[in-house]
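Commentary on secondary and tertiary structure
The chain contents come next:
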Amino acid sequence: IAVAVGGGLGALIGLSAAYFKRLDTPLMRLVDVLLSFPSILFGLAIAAVLGTGLFSLVIALSVAAVPSIARIARGAAQSIMQQEYMEAGRAVGLGDAALIWRYLARNCWPTILIYMTLQLGQAILLGAALSFLGLGAQPPTAELGSMAADGRKFLQIAPRVASLPCAAIFLVVLAFNVLGDALRDALDPKLRQ
């Protein structure tokens, strides 16, 4: 949910910055400010304001996903803006909303989707780190980071209690990274040959 919300907002910011030139500088400076803070800092700040729990974790992960996806969306949209079909759409009288939806968003979507699958792994790592610190989902909600934190007490007598959640985090993040790579291979027309 966090990557979908953050990705949607980031894509909207990136597409708007590329299409509306007067918004490019202010939006990208806002994104630069957000990129200057580590994601874990967002999590800590949001947990301090909203309190611990799953809702604040989702908000923190959403905010952390916005700037990088906005940068990717803007880069993809700027290359699409140079294409002749964008000029052709303007020439036939399409409005801004139609141009953005028909041409810009649809052609940027594969790039944004691929990057969002890679962001899923980052969101899982950040969520696990925040839960490990006690700022994520609270018991009885099961969360791999809090399981690893609880397993620290038993490292000497039963190391599997902490190592199994850590291995699960590793495998899930790896799976999303492989999924992103496979999506890139499937959606990139240059790689189909």
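In what follows, the structure referred to is the one given above.
Residues numbered from 1 in each chain as written. Predicted model: local features only at pLDDT ≥ 70, side-chain atom pairs only at ≥ 80, totals over all residues. Heavy atoms only, no water.

1. A word on the packing of helix α3 (residues 39-50) against helix α4 (residues 54-81)
The angle between the axes and the distance between the axes are what describe a pair of packed helices. Their axes nearest at 9 Å, the elements α3 and α4 cross at an angle of 145°. Between α3 and α4 lies a crossing whose hand is right-handed. In this structure, α3 uses S39, F42, G43, I46 and L50 to contact α4, whose residues at the interface are F55, S56, I59, A60, V63 and A64. Here the contact of α3 with α4 is composed, by residue class, of eight nonpolar, three polar and no charged. (Axes fitted to C-alpha atoms, helices over the stretch in contact; angles between N-to-C directions. Helix = DSSP H or I, 4+ residues; strand = E, 2+ residues; numbered from the N terminus. Left-handed = near helix turned anticlockwise from the far one by under 90°. Contact = heavy atoms within 4.5 Å. Nonpolar A, V, L, I, M, F, W, Y, C, P; charged D, E, K, R; others polar.)

2. Describing a nonpolar patch on the surface
Taken together, the side chains of V33, F37, I40, L41, L44, F132 and L133 define a hydrophobic patch exposed on the protein surface, amounting to about 570 Å² of accessible area. Residue contributions to the nonpolar patch peak at three residues, all from α3. Its location among the elements puts L41 in helix α3. (Patch = residues over 30% accessible without salt bridge, like charges linked within 9 Å, V, L, I, M, F, W, Y side chains within 5 Å. Areas by Shrake-Rupley, 256 points an atom, 1.4 Å probe, with all protein chains shown as cover. Salt bridge = Lys/Arg side-chain N within 4 Å of Asp/Glu carboxyl O.)

3. Looking at the layout of surface pockets
Size it by volume and the largest pocket reaches roughly 330 Å³. L57, L61, A123, I124 and E143 are, among the 20 residues lining the largest pocket, the residues nearest its centre. Listing elements by their share of the lining of the largest pocket, those giving two or more residues are α1 (2-19), α4, α6 (96-132) and α8 (160-187). Sorting elements by how many residues they give to the lining of the largest pocket places α6 first, with five residues. Residues that form the lining of the largest pocket fall into these classes: 17 nonpolar, two polar and one charged. (1 Å grid on protein atoms, 1.4 Å probe; cavity = no way out; pocket = protein on both sides within 12 Å on 5 of 7 lines; lining within 4 Å. Points joined across faces, edges and corners; volume = space filled by probe spheres on them.)

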